[in-house]
Structure formats: structure tokens, C-alpha cells
Number of protein chains: 4
Amino acid sequence: MENSSTIKVGVIGYGYWGPNIVRNLLSHSDISVTVVADQRKERLLALKKTHPSIPTVSEAKDVIAAKDIDGIAIATPVNTHYSLVRAALAAGKHVLVEKPLAASLHDAEGLVAYAQKKSLVLMVDHTYIYSGAIETMKKLVNSGEIGLLQSFTSMRFNLGLFQSDINVIWDLAAHDLSILLYLVEKEPALVNATGISHTENGLENIAYITMRYKDGMIAHVGVSWVSPVKIRQILVSGDRKMIAYDDTQASEKVKVYDAGYSVRTDVEKQRLYMDYRSGDILVPKVRTTEALEGVIEDFVRAMSSGVRPRSDAEFGLKVVRTLDAAERSLRKGGGEILLS
Amino acid sequence: MENSSTIKVGVIGYGYWGPNIVRNLLSHSDISVTVVADQRKERLLALKKTHPSIPTVSEAKDVIAAKDIDGIAIATPVNTHYSLVRAALAAGKHVLVEKPLAASLHDAEGLVAYAQKKSLVLMVDHTYIYSGAIETMKKLVNSGEIGLLQSFTSMRFNLGLFQSDINVIWDLAAHDLSILLYLVEKEPALVNATGISHTENGLENIAYITMRYKDGMIAHVGVSWVSPVKIRQILVSGDRKMIAYDDTQASEKVKVYDAGYSVRTDVEKQRLYMDYRSGDILVPKVRTTEALEGVIEDFVRAMSSGVRPRSDAEFGLKVVRTLDAAERSLRKGGGEILLS
Amino acid sequence: MENSSTIKVGVIGYGYWGPNIVRNLLSHSDISVTVVADQRKERLLALKKTHPSIPTVSEAKDVIAAKDIDGIAIATPVNTHYSLVRAALAAGKHVLVEKPLAASLHDAEGLVAYAQKKSLVLMVDHTYIYSGAIETMKKLVNSGEIGLLQSFTSMRFNLGLFQSDINVIWDLAAHDLSILLYLVEKEPALVNATGISHTENGLENIAYITMRYKDGMIAHVGVSWVSPVKIRQILVSGDRKMIAYDDTQASEKVKVYDAGYSVRTDVEKQRLYMDYRSGDILVPKVRTTEALEGVIEDFVRAMSSGVRPRSDAEFGLKVVRTLDAAERSLRKGGGEILLS
Amino acid sequence: MENSSTIKVGVIGYGYWGPNIVRNLLSHSDISVTVVADQRKERLLALKKTHPSIPTVSEAKDVIAAKDIDGIAIATPVNTHYSLVRAALAAGKHVLVEKPLAASLHDAEGLVAYAQKKSLVLMVDHTYIYSGAIETMKKLVNSGEIGLLQSFTSMRFNLGLFQSDINVIWDLAAHDLSILLYLVEKEPALVNATGISHTENGLENIAYITMRYKDGMIAHVGVSWVSPVKIRQILVSGDRKMIAYDDTQASEKVKVYDAGYSVRTDVEKQRLYMDYRSGDILVPKVRTTEALEGVIEDFVRAMSSGVRPRSDAEFGLKVVRTLDAAERSLRKGGGEILLS
């Protein structure tokens, strides 16, 4: 099935997300999966049972050193991202790495610069911005139908696995911040964050971030690892319409509300008058193919044609910059951090 | 239908909420509605059409001065509360006033002290804490079934009427703070608030409050007047179970999730181990009678027997104290306000 | 508040539905409620408490005989409809009667003929067809947007009060059949019905009706008094779009699905080819005022101007004709009844 | 990975369902997939891309004739079931065949008898009865918690692929009838069915089946291929509690309503009195592993140990018997068919 134009990809990490990456790589007509690495024997055995023809190794370095590999997909814990990505780039491989790009702003900046210097693709797997629902929301925002954006509110609550090396902001809010950045294409001016830890390691498991923008927009993200109720909802309000997104719904995830208000100021009387308006709701048809399929497609396009992927390293760096500001606000009791 | 033991109540304000108060007063077997005041002729005409037998006046002072009245229900804008409540108490009347108790902490403290001095009932109409759903949640919390409370998260979003004298915190968050106080029976130690105004008067129409408690609990309230999507949801997490409340549902508003996690610390390895647990969900039967009926009943009981009502003046004062702290945090860019 | 052009209405029956009728009559600017009759003292006392100014009597005949009354609203059990309506018409009063018009096809035909002979308004309170949701559905059907109607499916399940004089078809399906008739404006050619009784009186408490039309449309109605889960949903499919209606939702009751299929027949190969199409969903804005307000308005218009009301006696008779056919099918084990 | 105790399975049909069967066979530790047959080249290429190590053939007979195969999974159109199953059994292979067992009662009876004679496993893939949700419902029914069953109501609506060889009853109602049979373990005494075809081949695309049982239970199934709204809901009522199942929900698919009524008959007055009761709702935890995994496991157990599978040939035959009765009722205009 292979031919000379096939792109050879290796995978590092076959834990929770790795199998999804392998499955989507396998389904892509231009890719062959050359090797998969994981230090855990039972993970490699699981791969062997369903895909006996894929070679496995236990050490990441054996993937990085492989001569016949064009690109590497890295799905390992965040604190390993910097060294693995850097080594892969050093070996001349294109890289697709799990979000967030790195565990600190400093590391993220270093990786962006190094990939640029090496002229290699460095892409971050911010899967959400490749989903049909978010792409539909992006089109609605870009079309001007929503009007001037006024607020973005996101809640991502779950009874999720506690990460042992990062708090809930770096783990979950990374998703929301990537969606926010993709939709609004600008970075906040002020960031506040509050949160709490219920574990001895002091890593926050519930946190709230408020971001304010120079043009008066406000964004708010709430994240939790300790909610038995799964909530994944985003509200995007413009001065013309509003989008509501609920990712827990099996269908009809995106709704557009043709409702709002407008303000008139009576200067003489020094009073405000509000006009309220409410109309139909539209549930746009949304592409339902797997988001990760789009990530892989974008990675392939970047490797083969040099086109910048949607979630390139600069995109990933911007996400990390807000994460870092939120972290700093947390450390000073919720006070505001000036970003620009 | 009346007899000597009937309590005579006057009503000031027949706008949005007044008709509900009048209807519930009329339905109570021990109350007669003696007079209703409103400065707007069309409001009094509306009352006359459906209840021709109730006398009306245009001035609040005529209700306050009426000799044959035992209590007064006040449903007017917040900035009139202080003077109307004070005058009613001065005239020896028991008072039920709309939430919040007053427009400032100073005024609220003054009213509490004055009612105490006059030995009169001063009750705040925090309607929500009399609803079947919230009462069920209170029972669950008190029973210990939820365990030690860890977090409270509330969202109250609506395309609501902008108030011209108060921001969205004083208007909407007053509801959530009353529910929070009723459930946890303690006040926060630290309060942060962020928000934004999209109108020239500078009053916030979207805001977020984080409250942290001495015992490690965190509470968060998000409120908005500018959301076409109506959201009214509260999540209360304990270390044993979790309650989810969705007031926009026609039924099944309260759900109890028997799910959670527990933490073990391996001291030698300096690692945390989490055990996750997920079980059934219970949707408890909830009383569906009108919450305001319970408010009126509590007001009657307080007037006739002297029993303190659930949302007495001290309760209302505590709500105002947190509102005031949130307001002060807003003014200093979201930084934390120390309450105790 | 009254003047010479005020229409004087009496009400017979102040049980479950009577209070809603009285409240809506009171709110109408052209109506005065002259008298209310009920044989149960406690019902009249309930009325006296909230509306002390309305005169009451215990006997229906005292309403019918009253000289100064223009119209009578009758909200009593079905088996009393024939005699009360007939007497009211005989006394020269216009009549609004609860659905269904009468307990048998014979009685319904008699009332229609008699009202015609007396040139009086005889209107049936099929409240649903005055609701904003159903009116929106009617507009969608009439506009041609849905295309040629192919199917109507309705479920009305509840843990409802068992009627002691009629089965669940005459009680609940009367609602669905009125909606169906209002939307399609034609009567079925064939009716089948199956059902079961779980009580000794043999009256069905669960039943299903299938109706087939000459043009190939099919309609199906399922009704139950014994379902703790409340279901009130209707699906209307045309060959272009589909409407889904869920009355248990607090909002967004009506949804229009721009989806469907078309059939091509390959004559040579004798095969069918289907083309499937799926697009956006629209949730149209729906009037939210009370349906009964529209019923009363229509009754007033009919009495004062002679315009035929939407649910006039002929409309009510057609509903009864299908109910009667369903009843006959039940009695012959579900076999088809030919209607026309 | 293989050893002597591995069961060798071949698969016939790699269309819509075949890939799911192959994936679940591959995941089972005791099975090896020896060969997959499909006449469509593009289907075999799809398999080759993701699973290069599985041999493929184009003809079913090459699977049936293979010496080293123990069992065969058949996922082909219904009208091929009889000949393929019969040939596989004749070749001494155990068989797992897609539902329904066969396209006619006569064929189904023949297959059951032949499998018995050959002492081979013949199992029908009624996947639903292996799902966590239906297994939970079965436990609830068996425990007596629901009480004496009174009604079963099912709706399965979809914009689904029209089958060219069978109507919607044989395609979709086969699912509901298998769930019904699994839950109640008895066959109906009377069957009525109505339906309509909107295509020239006359195969019904919307149909309704009512089944009545000797003990007074009623069951109703509505199925449609032409509904853009996907509905998959089942209500099971007993005289103590009720179960509601909604398969379109991402979670909380099963709910148990502790509500109902009881009937008292006053013999002297010849009247019925109803007592209504409503309590909590329970959402039981439901196993979320894939249903097809359970089917495969049951097939393996039957082949290796001889234990009868849950959906054995006799089970599949009973489903076909009701399908056949429904078909006959359709042909006589909805009249009742006596089954026993």
C-alpha cells in the first residue's frame, strides 16, 4: 500500500491519547506509521494485539534516532515536552506535540525559536479547534453575523484525572484558551485568576480565569477536575447575536441566538434606554468527522507543502503566554496581570 | 371572610414583582390586603381590573401612615429601600422588603439596628431559599450526605432588564449569595470580583465573583444581563457527593451524584494517588409549590408569633456584606478583599 | 370599570379548568364575569377568597336562567356537556364549552345543528390550537415550507387523573386530534385503534390510534394516563422539512429540521435510489402569551362580530367524529374503520 | 500472539456493521480473525489499510469452505441470511448472524432445526440486549422493583437508510422486539400493525405495532426511516415503578421513576378510587463498555463451552414470529392476528 510519496511518522507515547493518534495516522492515505514507543510493556502489548504489523520500541530516543522517519507525534506528559520536542527537532524531524506546547513560557519560547531556526514544522495538537463545531463558530464570528464580540464564557468541568505535574489551568484551560484565541485572534490585556487546591501537592483542581481586552471584551474560563457532572459549554456574545456551544450534547452542539439589546443614551436626561430584541434560534449543520483527523491532515499538509498549520508553534506559544499570566495571578491572590 | 385575627398588610410597589406578592397575600387565609400603592396610574388600573375590591393609593406614605395596617411589603427599586423601610419601621409596621436589603453596607447595617431597636420584624424577600429545590438541597447538605463542602459554582445568565441604579452583582448575584449563605451558613474570608460594563453609565452587566473560605471551600458566581441563553445552574460539591441544580428545567431540577474521588498520599514516594468512584444519580422529589408562598407564610409566622424568619434582616445583611466586598474588589481590578 | 359595551359572561364549573377561564375572562377588557356556578361549596369559597366581588351560585340552571348574561363558559365533565350546552343555547346564550364537544357523535351532531338553528355562537375550548407553538406550526405548514405532509406522530403520556366517564382517547387524544385537524384541515379515511384498560370499569387508560388519509398521509396518536414520565411531543413530516414539537420544554418547543430524502426510481433496473439531505435546524420564535387568552379573545370576537371562531362547533364535531371511529375500532380489536 | 486454544473466526460482509465485528473480534484475547470476505473491492481495500495482516477473499464460499475456521460471523443483507447460515452450518461452522435471523418465519424455523440437528452454535446478533442500559433494565425488571409489567412503549425514529429488501418493521422493529422479549420473556397473544409506504416498492417506511398479552400487558412499537429527528426511547411501566430509556442521551440513559397509582374499587358505590404516588427518580449507573463486545464474548463462550448464548437461535426465532405476525396484520388493514 505504500509508495515513495508516503510520509513516515513515528509516535512517542501510547497512553490515553496515543491510540487515537495512531488510528488517525493509519487512516490517512499518505502516512505510514513506522514505529511506536512507550516505556510501559502493557501498552505495547495492547498495540500488538490490534495492530500486529506496527514495530514497537520502549525508548523515545529510538524513535528520534530513526533515519527513515519524517515526522514524530509526541503524546507524553507535559513536563517531557521540552526535551522530547527539542531532541526531535535537533534530529531534523517535524513534530506534532500534545497541548500545551510546554510547561513554561520560557520553554515554549525556546521551542518556537528553535523550530524556526531549523525550518521544521512544529505543531501543537489543540484538537478542539479542528472540530466541526468550533470551525462553524469560527465561520459565524468571521462572517460578522455575531457582531462585535463582547464576551466569551467557558466552563469545562469533569471528574477528571488529576495531573501530577500541572494544575487544572495548564491541563483543561489550555483547551478553552485555544478555542478563545482561534475565535478572537487577539490576546488579552489583563488576566485575573483564582483557584483552590484540595490536595497536598498544592496544585489547583478548580480555577477561574477572567481576561479583559483593550476593546472592552471580557472572557472567562472556569475549569474543574472534581465535578461528577460533566460540563463543556461556551457562550460567545456579540452585539448582534450569540453562540452557545455545548459539547456534551450528542448533536445540536452549536446554537445561534438572534437576540440581544441595544443601548440608547438620552444625553439631556442622562438616562440609558435599552431595546431588547429576541428572534429565532439557528442550529447550524456541523461537520461530524473526527477533529483529530483534521489535525493529522493539517500536519501532513505542513510537512509536505510547508503551509503553516492552524495550531502552529506561535499559536501554541500564545496559549502558553495566557496560561503563564493566569498562573502568576493565582500566585498573587487573584490580582490583575498586565499582559500588554 | 375576615375576622379579628386577620393580619392587615399593605403593599408598596405594583411593578414586576408586586402582583406576585399581592396574589400570594390574597391566597393566605390569615391575611387581608388593605391597600396597594404605586405612583403609576396604569399599574393601579391593572390591579383594579382583576381585583376591584382592593383599595389603591398613589403615594407610599399613605400606606405607611395607615393606622389599621400591621405589616408592609415593599417591592420597589433598591435605592428606595432604605428610606421606605426606615419610615415603615418608624411607623411601627413590620416589613418585608425585596432583595437586596439595601443599596449599601452602611444602609443595611442601619436598618438591621433600627428594626432591632423597634422590636419589629424586618424580613428580606430572598425568594429562592424558600423554593422546594433549594430546601431539598439544604436538607441534603445538613444530613451530611454530601460530605464536607468543597465548592459551590453558580451561573445566572439571562437577557435581563438592566437596572439603572445597581450593577448586575447587586441585582442577580444577590440571589446566588443568598442560596450560598443558606446552604453553607458561613461567610467567605476572601472575595475577588471581575466584571465589565458595556454601557456608558459604567455599571457592570457581566461579573464574576470568587469567594474563598477559611476551611478551604471555594465559591464562584457568574452573572450576566446580556445572555440570550438563560442559564441558572448551581453545582455544590462535597467530598462524598455532588448536587447539581438547574432551575431552567421544568422538572428534575435537582440531581445528586454519588461520585467523587479520594486522595491518598504516599509519603515515601511523595506522590498522590487518587481513587475515583462513580455510582447512581438520584433525582429527589422536590416540593413544587410556589416559593413566594413560603416567604409570605414565614412573614406571617414572624409577625404573629415572633419566630425569626429564615431570611431575616441579619441574613440579608450578610448577603449585602459580600456584595459590598465584591464591589470593592471590582474597583481594585479584581484583587482580593479580606472579609474576616 | 364597566360600560354598556361590556359582554357579560357566566361560568359553570369551577374545578380544575374553571379558575383559568375566570382569570382570563377577568383580564379581558370587554368582559365582565357576572356569576360563577359550582355545586361544591369549597370551590365557591376558594373563589370568594381571591375574588370577593364575583357573585356565586350552586346550580348551573341559575346561570342559564340569568337574564343579563350574554354568554356562558362551561367547564364541567364531558357527560354533562350535551344537556348544559343545549339548555344554554335554548336560553339564547352563546356558549364556550370544554373539549370534547360532547360524549358521543350523535350528541355532537345535535348540538351543532341546534346552535345553527338558534344562530348562536357554539365554540369548543380546544385550547392547544390557540397556543403560540401550534400557531407557529400552522404557519409553517401553510407556507409550504414543510412540503407535502407525509406523517404526524403524537405522544401524550402523563400520570394523569383517570376520568370516570370517558376513556383516555376521549380525554387526551381529543387534544392531539384537534391539533392534527387544525394543521392538516382534512379528516382521515381509515382509523385503527388499540388500547388496554387496567381498571375494572374497562375504560382504556393506554391507547394508540392510527389514521390514514386518501393522499397517503399517516397520523398516529399515543395516549396514556399511567406514565410517570410526562411526554408531550408531536412530529410533523413533510417531503421537504420536518417539525418537532415538545411541549414539556420550558422554551424552544418548536424545531424545524431542514432534512429529508428524495426517491428516484430506476425503471429499467427496477430499483429505488434514495438521496438523503440534512441541513440546519431552526427554532422559530414563538408567541408565549397564554393560549387560553386567545380562546377568550376568539369567543368575544365571535359574540360581538359574528366571525366564526377557529374552534367552532363544526371543528369540534370533526374531532368527535374521529374519536368515535377510534372507539369503534377499539371495540372490534383494532380493525380499520372506514370514515369516508 | 496465537496459541492452540485460539478460536479462528471468519467474517462474511464488511459493509456498515462488519468493521465493528472485526474490531471487536480482534480485541478479544481468545480469537484470531482468519479471513474476511466481501464482494466489493473498495471494502477490502479499506480493511487492508487499517489491518494489513488480515487475509481477504471476495467470495463467501471461500470462508465457508476454509478448513481451519471454527466460527463464522455473517453481516450481510437479510435476504442472504438463510442460504449463508445454512451453508456455514453444513460445513460444520458455528455461526453468528446479523438480526433478524431470517427474512421469513419459515426460513427461521428451518435454520433453528438445522443448527440443532448439527449441534452447532447458531446465535443472532441482537446487539441491544447486550448493552449496559438494557442489562440494567433487565435486572430492574427481574428484581421485582418495577412490579407487575403493564406496558412497554418504544419509538425508534431516524432518517435511516431504506432497505431495499425488507420494510421498516423487519429492519428497525427487530431491535425493539428483541429488547421487549429479553425483558418480559413471553410472547404476545395478539398483534396489530399499521403502516404506510412512501415509495413505489410498497415497503412500509413508517409502522406501528401493538401487542397484547394474556395477562393484560400491552406493548407498542413505532418505527420510522423518515424522521430527521432521531428518537430511540422506551418506557416500561410496572404497577410499582416505571423505567424510561433514552438511547440518544450521551449519559443518564436509564431512569427509574418511583411513581404510580393504585386502584381501589368501592363495590357498593360502583366507583373507582385512584391513589397517586410520586417519589424520587433514580438514574442507575450503567456499564458503558461496547455492547458488541458482550455479543462476541457470548459467542466465544458458546463455542468453547456449549453454554447457550443469550440471543440464541430460539430467541431469534421468537423475534421473527412476532415480525411475521405484524406483517400479516399490515396486510389485512391493521386487524388483530392471534398468535397463541
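Values in this document were obtained by computation on a predicted structure and should not be read as measured data. (Residues numbered from 1 in each chain as written. Chains lettered and ligands numbered in written order. Predicted model: local features only at pLDDT ≥ 70, side-chain atom pairs only at ≥ 80, totals over all residues. Heavy atoms only, no water.)

Give me the overall build of chain A: which residues, what numbers.
Helix and strand counts for chain A come out as nine helices and 15 strands. The C-alpha atoms of chain A give 22 Å as radius of gyration, which agrees with the globular expectation for 340 residues (20 Å, within 12%). If one aligns the C-alpha atoms of chain A with their principal axes, the spans along those axes are about 75 × 45 × 40 Å. Across the 340 residues in chain A, those meeting the buried criterion constitute 59%. (Helix = DSSP H or I, 4+ residues; strand = E, 2+ residues; numbered from the N terminus. Rg over C-alpha atoms; globule rule 2.2 N^0.38 Å. Buried < 20%, exposed > 50% of the residue type's maximum accessible area, 1.4 Å probe, protein only.)

Can you tell me about the packing of helix H4 (residues 81–90) of chain D against helix H5 (residues 105–118) of chain D, naming the residues and giving the values?
Residues and elements named next belong to chain D. Contact pair H4 / H5: the axes reach a minimum separation of 10 Å and the direction vectors enclose 10°. Taken together, the axes of H4 and H5 are roughly parallel relative to one another. On H5, the residues touching Tyr-82, Val-85, Arg-86, Leu-89 and Ala-90 of H4 are Asp-107, Leu-111, Tyr-114, Ala-115 and Lys-118. A breakdown of the residues in the contact of H4 with H5 according to their chemical character gives seven nonpolar, no polar and three charged. (Axes fitted to C-alpha atoms, helices over the stretch in contact; angles between N-to-C directions. Parallel < 35°, antiparallel > 145°, perpendicular 65-115°, else oblique. Contact = heavy atoms within 4.5 Å. Nonpolar A, V, L, I, M, F, W, Y, C, P; charged D, E, K, R; others polar.)

Before we move on, could you go through helix H4 (residues 81–90) of chain B and cite the residues and values that matter?
Residues and elements named next belong to chain B. Three or more residues of H4 are buried, namely His-81, Leu-84, Val-85, Ala-88 and Leu-89. Each buried residue of H4 lies within a common arc of 130° when the element is viewed along its axis, so the set occupies one face. At its buried positions, H4 is contacted by strand E1 (7–12), helix H3 (60–65), strand E4 (71–74), strand E5 (94–98), helix H5 (105–118) and strand E6 (122–125). Once H4 finishes, Gly-92 follows within two positions and takes phi at roughly 80°, a positive value. (Arc of directions from axis to C-beta.)

Just give me the short version of the domain arrangement of chain A, but keep the residues and values in it.
Residues and elements named next belong to chain A. Entries for chain A in the domain assignment read domain 1 (7–126 + 291–312) and domain 2 (129–288 + 321–338). Put simply, the middle of domain 1 and the middle of domain 2, counted by C-alpha atoms, are 29 Å apart. Contact with domain 1, which involves 18 residues of that partner, is made by 15 residues of domain 2. Contact between domain 1 and domain 2 buries roughly 1,300 Å² in total, counting both sides, with carbon and sulfur atoms accounting for 61%. Across the domain 1-domain 2 interface, the total number found is two salt bridges. The salt bridge partner of Arg-310 is Glu-135, with a shortest N-O separation of 2.8 Å. Inspection of the region where domain 1 meets domain 2 yields eight residue pairs in polar contact (both at pLDDT 80 or more). The element contributing the most residues to the side of domain 1 that touches domain 2 is helix H8 (residues 291–305), with four residues. Each residue belonging to the side of domain 1 that touches domain 2 can be placed in one class, and the counts come to ten nonpolar, five polar and three charged. (Domains from an automatic or database assignment. Buried area = accessible area lost by both parts, 1.4 Å probe. Salt bridge = Lys/Arg side-chain N within 4 Å of Asp/Glu carboxyl O. Polar contact = N/O pair within 3.5 Å; in protein donor to acceptor, adjacent residues only side chain to side chain.)

Summarise the sheet that holds strand E4 (residues 71–74) of chain D; cite the residues concerned and give the values.
Residue and element names in this part refer to chain D. Pairing is parallel across the open sheet formed by six strands, whose spatial order is E3-E2-E1-E4-E5-E6. Looking at strand neighbours, the two that pair on one side only are strand E3 (56–57) and strand E6 (122–125), the edges of this open sheet. Where strand E5 (residues 94–98) meets E6, four bridges bridge the pair, whose relative direction is parallel. Within E6, the position partnered with Leu-96 by the bridge is Met-123. (Pairing = 2+ DSSP bridges.)

Can you break down the nonpolar core residue by residue, with the values?
Within the largest apolar cluster, 497 residues are counted, with the highest numbers of intra-cluster contacts made by Ile-169 of chain A, Ile-169 of chain B, Ile-169 of chain C together with Ile-169 of chain D. Setting aside anything within four residues of it in sequence, one finds Ile-169 of chain A in contact with Ala-174, Ala-193, Ala-207, Ile-209, Val-223, Leu-323, Ala-326 and Leu-330 of chain A. (Core = buried A, V, L, I, M, F, W, Y, C linked by side-chain atoms within 4.5 Å.)

Could you give an account of the packing of helix H7 (residues 168–184) of chain A against helix H9 (residues 313–331) of chain A, with specific residues and numbers?
Residues and elements named next belong to chain A. Contact geometry of H7 with H9 gives a least axis separation of 9 Å together with a crossing angle of 125°. One finds that H7 runs oblique with respect to H9. Here the hand of the crossing between H7 and H9 comes out right-handed. In this structure, H7 uses Ile-169, Trp-170, Ala-173, Ala-174, Leu-177, Ser-178, Leu-181 and Tyr-182 to contact H9, whose residues at the interface are Phe-315, Lys-318, Val-319, Val-320, Thr-322, Leu-323, Asp-324, Ala-326, Glu-327 and Leu-330. Here the residues of the contact of H7 with H9 are counted per class, giving 13 nonpolar, two polar and three charged. (Left-handed = near helix turned anticlockwise from the far one by under 90°.)

Any chance you could break down the confidence of the model for chain A for me, citing the residues and the numbers?
Residues at a pLDDT of 70 or more form 97% of chain A, whose mean pLDDT is 93. What the predictor reports for the complex is a pTM of 0.92 with an ipTM of 0.92. (pLDDT = per-residue confidence, 0-100.)

Residue-level account of the relation of the copies chain B and chain C, with values.
Relative to chain C, chain B is turned by 180° and slid 0.1 Å along the rotation axis, the superposed coordinates differing by an RMSD of 0.0 Å. One copy is carried onto the other by what is essentially a two-fold rotation axis. Measuring from the rotation axis to each C-alpha of chain B, the shortest distance belongs to Ala-250 of chain B, at 3.0 Å. When you check the interface residues of chain B against chain C, 100% turn up at the interface there too, and the contact is symmetric in its surfaces. (Least-squares fit on C-alpha atoms with pLDDT ≥ 70 in both.)

Summarise the relation of the copies chain A and chain B; cite the residues concerned and give the values.
Least-squares fitting of chain A to chain B yields an RMSD of 0.0 Å, with the transformation described by 0.0 Å of translation along the axis and a rotation of 180°. Comparing interface residues between copies, 100% of those in chain A also lie at the interface in chain B; the contact surface is shared.

With reference to specific residues and values, describe the sheet that holds strand E4 (residues 71–74) of chain C.
Residue and element names in this part refer to chain C. Spatially, six strands are ordered E3-E2-E1-E4-E5-E6 in an open sheet, and the strand pairing comes out parallel. Both outer strands of the open sheet, strand E3 (56–57) and strand E6 (122–125), are each paired with one neighbouring strand and no more. Judged from the four bridges that link them, E4 and strand E5 (residues 94–98) form a sheet pairing that is parallel. When the bridges of E5 are listed, Ile-72 appears paired with Val-95.

Quick rundown of the pairing of strand E11 (residues 226–238) of chain A? Include the residues and the values.
It is a general feature of regular strands that their side chains alternate between the two faces of the sheet. Residue and element names in this part refer to chain A. With eleven of its 13 residues buried, E11 lies for the most part within the structure. Where E11 lies against strand E12 (residues 242–246), five bridges are found, and the strand directions are antiparallel. When the sheet's bridge partners are listed, Ile-234 is paired in E12 with Tyr-245.

Go over the interface of chain A and chain B with me, naming the residues and quoting the values.
Of the residues lining the interface, 50 residues belong to chain A; the matching set on chain B comes to 50 residues. In this assembly, chain A packs against chain B so that about 4,000 Å² is buried in total across both faces, 71% of it on carbon and sulfur atoms. Applying the counting criterion to the chain A and chain B interface returns zero salt bridges. Summed over the shared surface of chain A and chain B, the number is eleven residue pairs in polar contact (both at pLDDT 80 or more). Put simply, the parts of the chain that give the side of chain A that touches chain B at least two residues each are strand E7 (149–159), strand E8 (190–196), strand E9 (206–212), strand E10 (218–224), E11, E12, strand E13 (254–266) and strand E14 (271–283) of chain A. Of the residues assigned to the side of chain A that touches chain B, the class counts are 24 nonpolar, 22 polar and four charged.

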